[in-house]
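Take a look at the letters that make up each chain.
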Amino acid sequence: MISKGARECFVYIALPGQVELVTAARFMLGTDRAGNARGELVYGRSYLSRPDAVPIDPVELKLAPVTYQTLNMKGMFGALRDASPDYWGRRVIERHSGSGELTEVDYLLYSSDDRAGALAFGLNREPPAPRRHFNQTIDLAHLQDLADRLIAQENASEQPLPAVIQSEQVQELMLLGTAMGGARPKVVVEDSPPEGGPPVLWLAKFNRTDDRFNHARVEHAMLRLASECGLHAAESRIVQAGHRDVLLVRRFDRALTGAGYRRARMLSALTLLRSGDTHQDRDRWSYVILVEELRRLSGDSRADAHELFRRMLFNALISNTDDHPRNHAVIAMDTAFRLAPAYDLTPFTPVSIERRDLAMSSGDRGRYANADNLLSQCARFLLTRAEARALIDTMEAQVRARWYATARAAGVSEGDCEHIAGAFAYAGFRFGTPATS
Ligand SMILES: Nc1ncnc2c1ncn2[C@@H]1O[C@H](COP(=O)(O)OP(=O)(O)OP(=O)(O)O)[C@@H](O)[C@H]1O
Ligand SMILES: [Mg+2]
């Protein structure tokens, strides 16, 4: 067990094409004179001298023999924050450690090594061997049960750390996916791909017993609908665990080779926007700013700018108002970064049929999920007005025509379809702009 209160660690990375980790840097968390948390990162000399070294973050942490410092986000650099557990993983770790008083370094150290991206963390200069054993789909019923119990205990108690989970269960909790981000319960499992061949890694997302509809099936349907609408979306399927549906989303940041899993570097849009989760940071949550960053960073900026436009449009058309910047990312399996496939697509049905807001600004009228607003900044997405209009008209027609059949084919029940029906191509989407076709 790791001692609590750790304030520094080594940062390891899997280099492009490699399976083994190498030591890249040291990260230290301290405080400045005013008592604010300050993070420092220094690349190792031997890492910098490697011809194949890649930066942990090509914008904020370029390869250079300097001490990087940040006072933002409790001293966390964006790339490290992306590799840290989020709401779900933190709850698991706090239960496991028996303490809510952990440093950000503790969260990095406690979380398991199946985190998104190519980074890993530890207290030894030498990196650990890559993990070879993963949860299997056969374990899902048990893992789901563990997740249910954790949630039930949280719901039942105001106490942050009720003593109901007993020690052997506490050990087991770490089987739950602690390092992958997001708020919903999830684990990482290894399973064969539908096309056959060696197993691949999947993110397994559980339904919660207090969900109002079958999230697994609905998210699966939205990923399918996104593909039908021409988006590059993560592959998914549904499996049963203890008679309940579990969504498996194939991990796009891992690729199996003979020697093990290669890992893609991954940065969230939150990091590309140099932004945090707080209210003040929300000014920077913007597709329009994101596309500028993408144009600087991407290995194919034109294709990715168009893809981001389609994604913003799709989110507006399915009222996915939870499209916050952790729900977009770039990945680099080799040296070049590309926009990652779309993931975490959920339709919402806010009461208003006149105005719904995305989580990120999408044009001159801010976050308004509206065709005219999306069109207003189309040039930044390297689209002419005519091209953008055509994309909007086509996708709107596709979503209207296809959402129901796609949902039903994905096994969404009639009742759940009724529940989500109001999400698709809501009236306000067209306020101000009649469809051209
Ligand atoms: N297919 C995938 N391959 C690799 N990483 C992924 C994949 N899908 C999601 N992730 C990573 O896992 C994180 C959590 O996944 P996801 O967003 O689906 O969970 P969530 O709990 O529904 O999130 P939220 O809190 O936004 O509702 C993402 O932010 C992303 O970093
Ligand atoms: Mg998410």
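Computed from a predicted model, the values in this text were never measured in an experiment.

A. Here's a closer look at the overall build of the protein. Check the secondary structure of the protein and you find 13 helices and 15 strands. In terms of overall dimensions, the protein is globule-like: its C-alpha atoms have a radius of gyration of 22 Å, near the 22 Å expected for 437 residues. A principal-axis box enclosing the C-alpha atoms of the protein has dimensions of 60 × 50 × 50 Å. Here the protein holds 437 residues, and the buried ones make up 57% of them. Long-range contacts, defined here as pairs at least 24 residues apart, represent 67% of the contacts in the protein between residues at least 6 apart. Total accessible area computed for the protein in this model is approximately 18,500 Å², and 51% of it derives from carbon and sulfur atoms. Of the charged side chains in the protein, 54 are positive and 55 negative, and the gap between their average positions amounts to 3 Å.

B. Main features of the pattern of salt bridges. Applying the stated criterion across every chain yields a total of 36 salt bridges. Of the charged contacts, one joins aspartate 148 and arginine 244 as a salt bridge, the two residues approaching to 2.6 Å between their closest N and O atoms. Of the two residues, aspartate 148 sits in helix 5 (residues 140-156) while arginine 244 sits in strand 10 (residues 244-250), which places them 96 residues apart along the sequence. For glutamate 293, the salt bridge is made with arginine 296, and the minimal N-O distance between the two is 2.5 Å. Of this pair, glutamate 293 and arginine 296 both sit in helix 9 (residues 287-297), three residues apart, roughly one helical turn. Taking the relative accessible area as the measure of exposure, glutamate 293 reaches 16% and is therefore buried. Each of Asp393, Glu396, Arg400 and Arg430 takes part in salt bridges that share partners, so that together they form one network.

C. Looking closely at the coordination of the magnesium ion (ligand 2). At 2.1 to 2.2 Å from the magnesium ion (ligand 2) lie its protein donor atoms, namely Asn327 (OD1) and Asp344 (OD). A residue pair is termed long-range when its members are at least 10 positions apart, and asparagine 327 in the loop between helix 10 (301-317) and strand 14 (329-332) and aspartate 344 in the loop between strand 15 (338-339) and helix 11 (371-376) qualify at 17 residues. Like asparagine 327, the residue aspartate 344 is buried in the burial classification.

D. Quick look at the site of ligand 1. Within the structure, ligand 1 sits among 20 residues, and Ala183, Arg184, Lys186, Lys205 and His324 are positioned closest to it. A distance of 3.1 Å is found between an oxygen atom of ligand 1 and a side-chain nitrogen or oxygen belonging to asparagine 327. When the free accessible area of ligand 1 is taken as 620 Å², the share hidden by the protein chains comes to 91%. Looking at the shell around ligand 1, the elements with two or more residues in it are strand 8 (200-206) and strand 10. Here the residues of the shell around ligand 1 are counted per class, giving seven nonpolar, four polar and nine charged.

E. View of the side chain of asparagine 207. Inspection of the secondary structure assignment puts asparagine 207 in the loop between strand 8 and helix 7 (215-228). Exposure remark for asparagine 207: the relative accessible area of 10% places this residue in the buried category. Looking at asparagine 207, its side chain comes within polar contact range of the main-chain nitrogen of histidine 215, at 3.1 Å. Not counting chain neighbours up to four residues away, the residues in contact with asparagine 207 comprise Asp148, Arg184, Asn214, His215, Ala216, Arg244 and Asp245.

F. Molecular detail of the packing of aromatic side chains. In total, this model carries seven aromatic pairs according to the counting rule given. Between tyrosine 43 and tyrosine 47 the ring centres are 5.9 Å apart and the planes differ by 15 degrees, which places this aromatic pair in the stacked class. The pair tyrosine 43 / tyrosine 47 is uniform in exposure class, with both members buried. Ring geometry for tryptophan 403 and tyrosine 404: centres 5.7 Å apart, planes at 85 degrees, overall edge-to-face. Judged by relative accessible area, which is 12%, tryptophan 403 ranks as buried. Grouped by ring-pair contacts, the aromatic residues Trp403, Tyr404 and Phe424 constitute a single cluster. Of note, arginine 237 hangs over the ring of tryptophan 202, and the distance from its end group to the ring centre comes to 4.6 Å.

G. Representation of the environment of leucine 225 in the model. By the element assignment, leucine 225 lies in helix 7. Not counting chain neighbours up to four residues away, the residues in contact with leucine 225 comprise Phe314, Ile318, Arg402, Trp403, Thr406 and Phe424.

H. View of the nonpolar core. Among the nonpolar cores identified, the biggest contains 92 residues, and Phe27, Leu41, Ile56, Leu80, Phe309 and Phe314 are the most heavily contacted of them. No other element matches the eight residues that helix 10 contributes to this core. Discounting residues that sit within four places of it in the chain, phenylalanine 309 has contacts with Leu374, Cys378, Phe381, Leu383, Ala388, Leu391 and Ile392. Of all hydrophobic cores here, the second largest spans 20 residues; its members include Met180, Ile238, Phe252 and Ala329.

Basis of the calculations
What you see as residue numbers is a count from 1 along each chain, following the sequence as written. Labels are handed out in written order, letters beginning with A for the chains and numbers beginning with 1 for the ligands. Given that the model is predicted, a residue must reach a pLDDT of at least 70 before its local features are reported, and side-chain atom pairs must reach 80 or more before they are shown or counted; all residues, however, enter totals for whole chains, interfaces and linings. With hydrogens and water excluded, all non-hydrogen atoms of the structure serve as input to the side-chain values. The way it works is that DSSP assigns letters per residue, a run of H or I at least four long becomes a helix, a run of E at least two long becomes a strand, and they are numbered from the N terminus. The reference for a compact globule is 2.2 Å times residues^0.38; the radius of gyration itself is calculated from the C-alpha atoms. For every residue, the accessible area obtained with a 1.4 Å probe (protein chains only) is divided by the maximum for its type, and the residue is called buried under 20%, exposed over 50%, and partly exposed between those limits. Contact definition: two residues touch when any of their heavy atoms are within 4.5 Å. What sets the accessible areas is the Shrake-Rupley method with a 1.4 Å probe; for residues, cover comes only from the shown protein chains. Two residue types count as positive, namely Lys and Arg, and two as negative, namely Asp and Glu; His and chain ends fall outside the count. Every charge is mapped to an atom, namely NZ of Lys, CZ of Arg, CG of Asp or CD of Glu. Note on definitions: salt bridges are taken to be side-chain nitrogens of Lys or Arg within 4 Å of carboxyl oxygens of Asp or Glu. Distances decide who is a donor: an N, O or S atom must be within 2.8 Å of the metal, or within 3.2 Å for Na, K and Ca. Water is not included, so sites may look incomplete. A single heavy atom is enough: if one lies within 4 Å of a molecule or strand, its residue is considered near that molecule or strand. Residues adjacent in sequence count toward polar contacts only when both atoms are side-chain atoms; beyond that, a polar contact is any pair of N or O atoms within 3.5 Å, and within protein one must be able to donate a hydrogen and the other to accept it. Ten residue types, Ala, Val, Leu, Ile, Met, Phe, Trp, Tyr, Cys and Pro, are classed as nonpolar, four, Asp, Glu, Lys and Arg, as charged, and the remainder, Gly among them, as polar. Each aromatic pair joins two rings of Phe, Tyr and Trp (for Trp, the six-membered one) with centres within 6.5 Å, and gets the label stacked for planes under 30 degrees apart, edge-to-face for over 60, and tilted for any other angle. Only Lys NZ and Arg CZ are tested; either one counts as a charge over a ring when it is within 6 Å of the ring centre and within 35 degrees of the ring normal. Residues enter a nonpolar core if they are buried and are Ala, Val, Leu, Ile, Met, Phe, Trp, Tyr or Cys, with the set joined through side-chain atoms within 4.5 Å.

None of this, on its own, says anything about what the molecule does.
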